[in-house]
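# Structural overview for review
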Amino acid sequence: MGTIQDMIWKLENFQRNLQDLGTKTVHIVPDAKGMIDRQCPKNDCQSYFKVNSDDWRNIVKDEEVFCPICRNNSPAKEYMPKAQRKAIVSGIRNLIMDNWHHGTPMSQNIVPIQSMEEFELNIACGNCKTRFSVIGAAFFCPCCGYNSVERTAKEAIEKILLQMQKISSIERSLQSEFTKNQVAVIIKSIVENSLSDCISTLQAYCEARYNHLSSTKAPFNVFQNIERGNKLWIGLKGKGYENWLTKNEYIQLTLFANRRHLLEHKNGLVDTKYLNNTGDRNYKEGDRIIVRESDVSFLGQIINKIINSIENP
Ligand SMILES: [Zn+2]
Ligand SMILES: [Zn+2]
């Protein structure tokens, strides 16, 4: 134990060290692609994403950052991942304790924070050029909140194509958990939902793109109807599905859109309207339509072709 004077010196010294510590910054080491980790602060989301470290410093605003997955917007500082925040707090606590107990100078650096391994999907915003990456799918740019309908639609179709390609392995992994009957029901619903998702993606993409290019708005859900959608594109661009697709692809697209209508509104049961619209001879009234993964894959490719034709005329 020292004198009171010793204690006062120790306290003064400690206070100086603390002030010095307050001026330090924590170094965050980017991953191999130059990205740093961020985490959405919204409780329901908490998704991880990454932003290029230079873009985070130079382009992204302090006051407002968007979550690429849910579009939450909060100040930039709230996007520090929880695990990193914890690591920094415990690093600082250790420096303070070591200084107080052992006189270790606080001037030594706070341990730098390492970023997670790089993510697969790398995106550059079509609007502000900010580079970011995510796992799975992203909808919004963290810097400007821009939603690229083209990118979102392409990613949705990619996801569907991948699911169809992996359907046998999905089936095999389900077999360890469920009965044969349950597996068949689940697989059927995945394939049928994927057909619906393809048409919904076409509708969402075409509506956004058409409304962007045209001075008049497209009628509600018009692009679910292939013939009417085709007419709108021809009216706007002088070309439509007939030009962008082969004759067979155009026929199949119309057929799948009509089958999707049955799945959504008629529980998949064939009615006279469907038969009149499509001339499909494989079914009669009252039959239930069958969707195969090869149908969905073909439809996905057709939609990709449409998107590419509209984006790169
Ligand atoms: Zn979020
Ligand atoms: Zn942007």
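Note that the structure is a prediction, hence the values are computed from the model and not measured. (Residues numbered from 1 in each chain as written. Chains lettered and ligands numbered in written order. Predicted model: local features only at pLDDT ≥ 70, side-chain atom pairs only at ≥ 80, totals over all residues.)

### Regarding the nonpolar core
C198, L202, V296 and I303 are the most contacted members of the largest nonpolar core, which totals 35 residues. Elements with a contribution of two residues or more to this core: α4 (149–165), α6 (180–213), α7 (226–237), α8 (241–244), α9 (247–265) and α11 (293–311). When residues of this core are assigned to their parent elements, the largest contribution, eight residues, is made by α6. With sequence-adjacent residues up to four places away left out, V296 is seen in contact with I160, M164, V191, S194, L195, C198 and V291. (Core = buried A, V, L, I, M, F, W, Y, C linked by C-beta atoms within 7 Å. Buried ≥ 20, exposed ≤ 12 C-beta atoms within 10 Å, placed from the backbone. Helix = DSSP H or I, 4+ residues; strand = E, 2+ residues; numbered from the N terminus. Contact = placed C-beta atoms within 7 Å.)

### Notes on the domain arrangement of the protein
By the assigned domains, the protein splits into domain 1 (4–134) and domain 2 (149–311). Look at where the C-alpha atoms of domain 1 and domain 2 centre, and you get two points 44 Å apart. (Domains from an automatic or database assignment.)

### Quick look at α4
Taking 1.5 Å of rise per residue, 17 residues should cover 24 Å, and α4 covers 24 Å from first to last C-alpha, within 8% of that figure. Buried within α4 we find A153, A156, I157, I160, L161 and M164. Here the buried residues of α4 occupy an arc of 135° about the axis, which is enough to place them on one side. Away from its buried face, by an angle of more than 90 degrees, α4 presents the exposed residues L162 and Q165. Contacts from the buried residues of α4 go to α5 (167–175), α6 and α11. (Expected span 1.5 Å × (residues − 1). Arc of directions from axis to C-beta.)

### Re the packing of α4 against α6
Running from amino to carboxyl end, α4 crosses α6 at an angle of 165°, the nearest separation of the two axes being 10 Å. In terms of orientation, α4 and α6 fall into the roughly antiparallel class. Judged by the sense of rotation from one axis to the other, the crossing of α4 with α6 is left-handed. Where α4 approaches α6, its residues V149, A153, A156, I157, I160, Q163 and M164 are matched on the opposing element by I190, S194, D197, C198, T201, A204, Y205, A208 and R209. Partitioned by chemical class, the residues of the contact of α4 with α6 number eleven nonpolar, three polar and two charged. (Axes fitted to C-alpha atoms, helices over the stretch in contact; angles between N-to-C directions. Parallel < 35°, antiparallel > 145°, perpendicular 65-115°, else oblique. Left-handed = near helix turned anticlockwise from the far one by under 90°. Nonpolar A, V, L, I, M, F, W, Y, C, P; charged D, E, K, R; others polar.)

### Thoughts on the sheet that holds strand β3 (residues 48–52)
Where strands meet in a sheet, backbone hydrogen bonds hold them as pairs that are either parallel or antiparallel. Strand order in the open sheet made by the four strands is β2-β3-β8-β7, with antiparallel pairing throughout. Unpaired on one side and paired on the other, β2 (35–39) and β7 (121–124) mark the two borders of the sheet. Each strand axis lies, on average, 30° off the axis of its neighbour in the sheet, ignoring direction. Sheet analysis places β3 next to strand β8 (residues 131–134), joined by two bridges and oriented antiparallel. Along β8, the bridge assignment pairs V51 with F132. (Pairing = 2+ DSSP bridges.)

### Here we look at unusual backbone geometry
Residues apart from glycine generally show negative phi values, whereas peptide bonds are mostly found in trans. The backbone phi angle of Q46 is positive, close to 55°, even though this residue is not glycine. One can find Q46 in the loop between β2 and β3. Notably, N267 is not glycine yet its phi reads approximately 60°, a positive angle. For N267, the position within the fold is in the loop between α9 and α10 (272–278).

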